[in-house]
Amino acid sequence: MSLHRWSLFALGMAVPLIALTPLGGPTTEATDRTVRIEASRFAYSPAVVHVNRGDRVTLELVSTDVVHGLYVDGYGVAAEADPGRPARISFVADRPGTFRLRCSVPCGGLHPFMIGKLRVGSDARLWLALALGIPAALVGLLGWRP
Amino acid sequence: MRRRDLLRNRLVAAALRSRGPQLVITLAALAGLLVAIVAGLTGTPVGARNAGIVLVWIAWWALLMLVAVPFAGRGWCSVCPVPVVGEWLQRGAVLAPHGAGLGAGRRWPRALRNIWLQNAGFVLVSLFGIIVLTQPRVTGLVLLVFLAAAVATSLVFERRTFCRYLCPVGGFIGLYSQLAPVELRVRDAAVCAAHTDKTCYTGSASGYGCPWLVYPPGLTRNVDCGLCFECLRTCPYDNLALNVRPAGADLAVARGRGLDEAFKTCIMLGSALAYAAVMLGPWGGLKSAASAVGTTPWWGYAAAFLLLVFGLLPGALWLATASGGRLAGSTTTTVRSFTRFASALTPLGLAAWMAFTLSFVFANLSYVWPVLSDPLGWGWNLVGTADLAWTPYGAAILPFLQAGVLLGGLAWTGAAVRHVAADLEPQRSVVLQAAPVLSLAALLTVVFMELLVA
């Protein structure tokens, strides 16, 4: 296969991938959703929280050992929970995508890496990575001389 | 490819020939290193409040991976404080040569004149990475061991043997320095050929022979040049150039590449994968296993890590290069293809480390301000920032930055893969040679996107 035909083939693969990439729109009707998250050194359970775009989300943080925090990247909301004293934060999940949940209270050695994830809507990252990665590789392979 | 010699500017040339500015920056870095060691060993055990952790693994690491390495290659090595104490003792001087030093000046064994020990050192530190990054005493101890090893090596072996063959950080800086848009080279090799004294290597009253054990006229890549600028001081013909060049120009050079460097590329990619999964992933069990040194889960983690960096990634690259060669009917040996195509993955490796660093540093940078006021965690408030609360920065733009860096790295790797294929077998199909390696690079990019971008 010639270079030109190869590039057409690969671009032909990339275009439908981009076109079919889910954009994180609402897959079901928005609802009130309460999720209980248990925090213990140095993990959240569940580690990944799934909600639909538009949901009115309440996260209930329950600490099982020391004081832990919960900060939601992208939404900028936070809560702190002492052991035995749960804390709640509420927000409308109006931004699609995947966001890290971080402990916001130093809780021990691995505190900076106490991380969970909030997924709002369907997870499009794999598709996006493929959709953007193929053209990026092609740009390098075909058009960019180092 | 066009180059612009910065040394044509008199001010730049004077600043780099003089030892003063370099010494001032190095002394400041040495002070920072000593603060980090003291804070690590004697300060608060809370990592987020300890200068040993915060200044080294957040502030310094961010500057190194986001600024120094991508834009200045081995620029950090030119002011690194780790080897200077040993070097002063070895030379018996802090500035220009005078008198006799304490160094025995032995030559490094020929069998070890490669970067395998640096590879092993990096893997060893990486195995304990999550401990080193979070426990101040371990960080202090590791920095102290680096300092002591550099002093001991300088007293026994010649010049900067430690930097060239032992420093685990210098190993990967050298690898990625190939991508930098600057290089130190001679202007006219004929001038060097006619110069019988070779003072750039042997030294003179004006300066020392190349501390990095490099003969400057033979420089074709940045890997082994520490940008110490000693050759600027010893060349009597003003024959050195500090060029601004197209980034990554070294990737076009075939000479001097070996399996040690190819494995370094795989080790760096594998370590970035492991660090991203352990430190930025949501898997608490994995974090526990990686941090519980000596336990059965940790041994499982260590075995998986070693398998990844020494088995799976090199194996996948080997398969990709071999299948590309077979598809194209190449006659190049797989070992040669492997070492060349490994170099093409260097941009993706640097991009992965930059994307990891962006995520890690932006989230934790605000820990720097309290530490500036209270470096030892003893309740001080020197500059009034001790009570500033933790705030993650840039959460809105971070995913786009990371994705852009990763995709840029993949595109750059695509270009490098094509160049290597065209260089290895110009009469064969470039696409068929390149496709398997590029597919591997694309797969790695997707995995990095999944792990790093949120």
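Since this is a predicted model, take the numbers as computed values, not measurements. All residue numbers here refer to positions counted from 1 along the written sequence of the relevant chain. The lettering of chains begins at A and the numbering of ligands begins at 1, in the order of writing. Note on the predicted model: pLDDT of at least 70 is required for a residue's local features to be given, and 80 or more for side-chain atom pairs to be given and counted; whole-chain, interface and lining totals, by contrast, use all residues.

(A) A look at the domain arrangement of chain B. All names here are of chain B. For chain B, the assigned domains are domain 1 (1-109 + 116-251) and domain 2 (254-452). When each unit is reduced to the centre of its C-alpha atoms, the spacing between domain 1 and domain 2 is 23 Å. When residues of the side of domain 1 that touches domain 2 are assigned to their parent elements, the largest contribution, 10 residues, is made by helix H3 (residues 51-72). Charged residues are taken to be Asp, Glu, Lys and Arg, nonpolar residues to be Ala, Val, Leu, Ile, Met, Phe, Trp, Tyr, Cys and Pro, and polar residues to be all remaining types, Gly included. Its residues placed into classes, the side of domain 1 that touches domain 2 shows 26 nonpolar, 11 polar and 2 charged. Note: domain ranges come from an automatic or database domain assignment. Every helix listed is a DSSP run of H or I at least four residues long, and every strand listed is a run of E at least two residues long, numbered separately from the N terminus.

(B) Just the sheet that holds strand S6 (residues 77-81) of chain A, in detail. Residues and elements named next belong to chain A. As summarised here, the arrangement of the 5 strands in space is S3-S9-S8-S5-S6, forming an open sheet in which the pairing is mixed. The open sheet has two free edges, formed respectively by strand S3 (48-51) and S6, since each of these has just one partner strand. The average undirected angle you get between the axes of adjacent strands in this sheet is 20 degrees. Following DSSP output, two strands are said to pair if at least two bridges run between them. Examined bridge by bridge, strand S5 (residues 68-72) and S6 share 5 bridges and lie antiparallel to one another. Lines fitted to the C-alpha atoms define the axes, with helices restricted to the stretch that makes contact. Angles between their N-to-C directions range from 0 to 180 degrees.

(C) The arrangement of the packing of helix H5 (residues 116-127) of chain B against helix H9 (residues 168-176) of chain B in detail. Residues and elements named next belong to chain B. At a minimum axis distance of 8 Å, the contact between H5 and H9 shows a crossing angle of 115 degrees. Overall, the two elements H5 and H9 adopt an arrangement that is roughly perpendicular. Relative to H9, the crossing made by H5 is left-handed. Along the contact surface, H5 presents Gln118, Asn119, Gly121, Phe122 and Val125, while H9 presents Pro168, Gly170, Gly171 and Phe172. Its residues assigned to classes, the contact of H5 with H9 shows 4 nonpolar, 5 polar and no charged. Each angle is binned into one of four classes, with values under 35 degrees roughly parallel, values over 145 roughly antiparallel, values of 65 to 115 roughly perpendicular, and all other values oblique. Note on convention: near helix rotated counterclockwise from far helix by under a right angle means a left-handed crossing. Clockwise means right-handed. Remark: residues whose backbone-derived C-beta atoms lie within 7 Å of one another are considered to be in contact.

(D) Molecular detail of the confidence of the model for chain B. Note on scores: pLDDT gives the predictor's confidence for each residue, bounded by 0 and 100. Confidence in the prediction for chain B averages 95 pLDDT; 100% of positions are at 70 or higher. The ipTM value of the predicted complex is 0.81, and its pTM value is 0.91.

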